[in-house]
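Summary of structural features
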Amino acid sequence: MDYGSHAGKFMIMDTYLLIKYFKCTASREEEAEVRRWLADDPDGSHARQYREAHLIFSGMVVHGDGTDAPARARRQVPLRKIFYSVAVAASVAIVAAVSFSWSRYETLERLASRTETVKVPAGRSMEMTLEDGTEIWLNAGTEIEYPSVFSRKARTVKVISGEVMFDVSRDEDRPFVVETFASTISVLGTKFNVAVDEENNDFSAALLRGSIKVSSKLSEDEEFILEPNDMVKMTGNHLYVGKIEDTGSVGCWTRGLIDVAGVPFDELMRKLELVYDVEIIIDREDLPEVRYTWGKIRISEGLDHALSVLAKASDFTWERDMETGIVLIR
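Presented here is an overview of the structure given in this document. The model shown is predicted, which means the values in this text are computed figures rather than measured ones.

Thresholds, definitions, all that
Residues numbered from 1 in each chain as written. Predicted model: local features only at pLDDT ≥ 70, side-chain atom pairs only at ≥ 80, totals over all residues. Heavy atoms only, no water. Helix = DSSP H or I, 4+ residues; strand = E, 2+ residues; numbered from the N terminus. Contact = heavy atoms within 4.5 Å. Areas by Shrake-Rupley, 256 points an atom, 1.4 Å probe, with all protein chains shown as cover. Buried < 20%, exposed > 50% of the residue type's maximum accessible area, 1.4 Å probe, protein only. Pairing = 2+ DSSP bridges. Axes fitted to C-alpha atoms, helices over the stretch in contact; angles between N-to-C directions.

**Here's the deal with the overall build of the protein chain**
In terms of helices and strands, the protein chain carries six helices and 20 strands. Within the protein chain, counting contacts between residues at least 6 apart in sequence, those at least 24 apart form 47% of the total. Approximately 19000 Å² of the protein chain is accessible, and the part contributed by carbon and sulfur atoms is 50%.

**Things to note about the pairing of strand E6 (residues 143-147)**
Counting buried residues along E6, four of its five residues qualify, which places the element largely inside the surrounding structure. Pairing between strand E3 (residues 115-119) and E6: five bridges, direction antiparallel. For valine 118, the partnering residue across the bridge sits in E6 and is isoleucine 144. As paired elements, E6 and strand E7 (residues 155-167) share three bridges and run antiparallel to each other. Note on E7: the bridge partner recorded for glutamate 145 is lysine 158.

**Quick notes on the environment of lysine 213**
Positionally, lysine 213 belongs in strand E12 (residues 212-216). Residue contacts for lysine 213: discarding those within four places in its chain leaves Thr184, Ile185, Ser186, Glu223, Phe224 and Ile225.

**Re the sheet that holds strand E17 (residues 280-282)**
Read from one edge to the other, the open sheet built from three strands follows the order E17-E20-E19, with strand pairing classed as mixed. Edge positions in the sheet fall to E17 and strand E19 (318-320), since each of these pairs with one other strand and no more. Averaged over neighbouring strand pairs, the angle between their axes works out to 20° when direction is ignored. Bridge count between E19 and strand E20 (residues 327-329): three bridges; the pairing is antiparallel. Of the residues in E20, the one forming a bridge with glutamate 319 is leucine 328.

Structure below.
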């Protein structure tokens, strides 16, 4: 027997059948049909119809049983029977609501256990919004792992490599956690930049707004609470906190710029490799020193321009192999 019709893709249950269910006069097959209908409720519409039908049934119980007998044959329902019927219906409603809530909870946690990986190719960058509203910017060569749906308890993102700017949507019930090979970063609502390079044992986090807690995974009892304009950086396997000298340099890559002030030469070359998708070989024993105390290079100007600007404040020369595209630094 078909007890319902379809509106979109969700079934609308026959109200008369629900009333039979509340009156405990439904057959076993009909009761099973109602239970299946309650369990399969992806948008909450079944629970709403269930509650509305129960209100109708409650009115029938209070004013008399007029669902089966003609008006002249109606009999007054004993008060204890009314209380019993209402109690049964209330119990059924509570069980259904709990079952619905638990089903939604299990579904959410199951989705939260499935992770997705995004890897930005060299020469590209991207911006994306997570399902909680958190905005993130990913620099070239960055790889992250995150669930398509966050769990009810926490929001966790793993930065495998690269550089990410986070603008976290505040949710006091679910802390936002960023995992890296070197640390665990816990936040509520804030904006900060994270740079990760496990191959070169490099990690840093710079805070622009709000507050974050950075806990080391490599050294015991190293935990820091950062305030705006604080930066934590790893040297060896230890974390050290200092002030950001130029707040405009933090996350300037999201605006198409590369900061060159005080950045070691080999680190600068790694950035250029990722941004321009090119291989750079440093063919000399010592590393050049770039003597810029401030300044940024616009990425859109191209690799040749970037190297020319750096060469003016340093002691290196460079050339490009036209066949392989490799850039050689001497």
